[in-house]
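# Results of the structural survey
This is what each chain is made of:
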Amino acid sequence: MTEPLRLSKRMSELGLCSRREADEWIARGWVRVDGKVVSELGSKVLPDQHITVERQAAAEQSKRVTILINKPMGYVSGQAEDGYTPAVALIKPENRWPDDPAPEQFHPTQLRSLVPAGRLDIDSVGLLVLTQDGRVAKTLIGETTSIDKEYLVRVEYTKEGKLPESDLKKLCFGLWMDGKPLLPAKVRWQNDDQLSFTLREGKKRQIRRMCDMVGLKVIGLKRVRIGKVKLGDLPVGQWRYLRADEQF
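Residues numbered from 1 in each chain as written. Predicted model: local features only at pLDDT ≥ 70, side-chain atom pairs only at ≥ 80, totals over all residues. Heavy atoms only, no water.

### Re the pairing of strand β15 (residues 194-199)
In terms of burial, β15 is largely enclosed, as six of its six residues are buried. Pairing geometry for strand β11 (residues 149-157) and β15, over six bridges, is antiparallel. Its bridge partner lying in β15, Glu150 is registered against Thr198. Relative to β15, strand β14 (residues 186-191) runs antiparallel, the two being bridged by five bridges. Considered in β15, the bridge of Lys186 is made with Thr198. (Buried < 20%, exposed > 50% of the residue type's maximum accessible area, 1.4 Å probe, protein only. Helix = DSSP H or I, 4+ residues; strand = E, 2+ residues; numbered from the N terminus. Pairing = 2+ DSSP bridges.)

Structure representation (structure tokens):
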């Protein structure tokens, strides 16, 4: 017999919303199972039961924004820590990119529940995604995500001579971290002191740790792409909305 699942988990699996959104919708009476409203948090369903949501839920979801920011050095991705300012503090009208083509008008309610979908270290710069939309967050950081991310990394070799080709191949595949093998990566030289890294995972300080394993010291790290969305000409410290025609 198939085991019942939490309704919020099943809604997330179906791609309707995030679990947190599901709990909000359930509490508001916006979710029906086999045609009947279910408003009790923690309710369970069988996989073959039919789940629908009221129009209010879809309307609210359509208002949720996703913002791209070129994070400067010295800002943290998420919650404020050790006196450092979170990147969300930069989301204000005067920092919006003047060339942003999106029709949205900024409103303070867009800051409510605006959270980073992925992280970028305090000493790294470049593309950071902040979103109110649980579907976007799940796409970028869910357990089954296959979205790749590209970084430009300035490095300095700490040993004699140049980085051996065999060590460059190790960066692509063969290194272990936290007791597990890393997923295959694409690593190639851009010029004499800069590498391009394309990763499908994001362990804490992963690129810096990978470089350290082969004798490279990271001088600068910039994320330039997440999936199909590029940093492009977005200036440091400025932000823009994810356009309706853009998908990760």
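Here the narrative resumes, following the displayed structure.
### Some thoughts on the packing of aromatic side chains
In this description, an aromatic ring pair is defined by two values, namely the gap between the centres and the angle between the planes. Evaluation of the coordinates by the stated rule reveals two aromatic pairs. Pairing Phe106 with Trp239 gives two aromatic rings, centres 5.9 Å apart and planes at 55°, and the pair type is tilted. Note that Phe106 is positioned in the loop between β8 (85-86) and β9 (115-116) and Trp239 in strand β18 (residues 239-241), a separation of 133 residues in sequence. Trp239 sits in the buried class, given a relative accessible area of 0%. Taking 5.1 Å as the distance between ring centres and 90° as the angle between the ring planes, the aromatic pair formed by Trp239 and Tyr241 counts as edge-to-face. (Phe/Tyr/Trp six-rings, centres within 6.5 Å; stacked < 30°, edge-to-face > 60°.)

### Observations concerning the confidence of the model for the chain
Averaged over every residue, the pLDDT of the chain is 91; residues scoring 70 or more account for 99%. The spread of mean pLDDT over the elements of the chain runs between helix α3 (residues 55-62), the lowest at 78, and β18, the highest at 98. (pLDDT = per-residue confidence, 0-100.)

### Re the pattern of salt bridges
All told, the structure shown has 19 salt bridges when counted by the stated rule. Here the salt bridges do not stand alone but share partners, grouping Arg119, Asp121, Asp123, Arg205 and Arg208 into one network. (Salt bridge = Lys/Arg side-chain N within 4 Å of Asp/Glu carboxyl O.)

### Some details on the pairing of β11
Looking along a regular strand, one sees the side chains alternate between the two faces of the sheet. Two elements, β11 and strand β16 (residues 216-226), share nine bridges in a ladder whose sense is antiparallel. If you follow Lys149 over to β16, its bridge partner there is Ile226.

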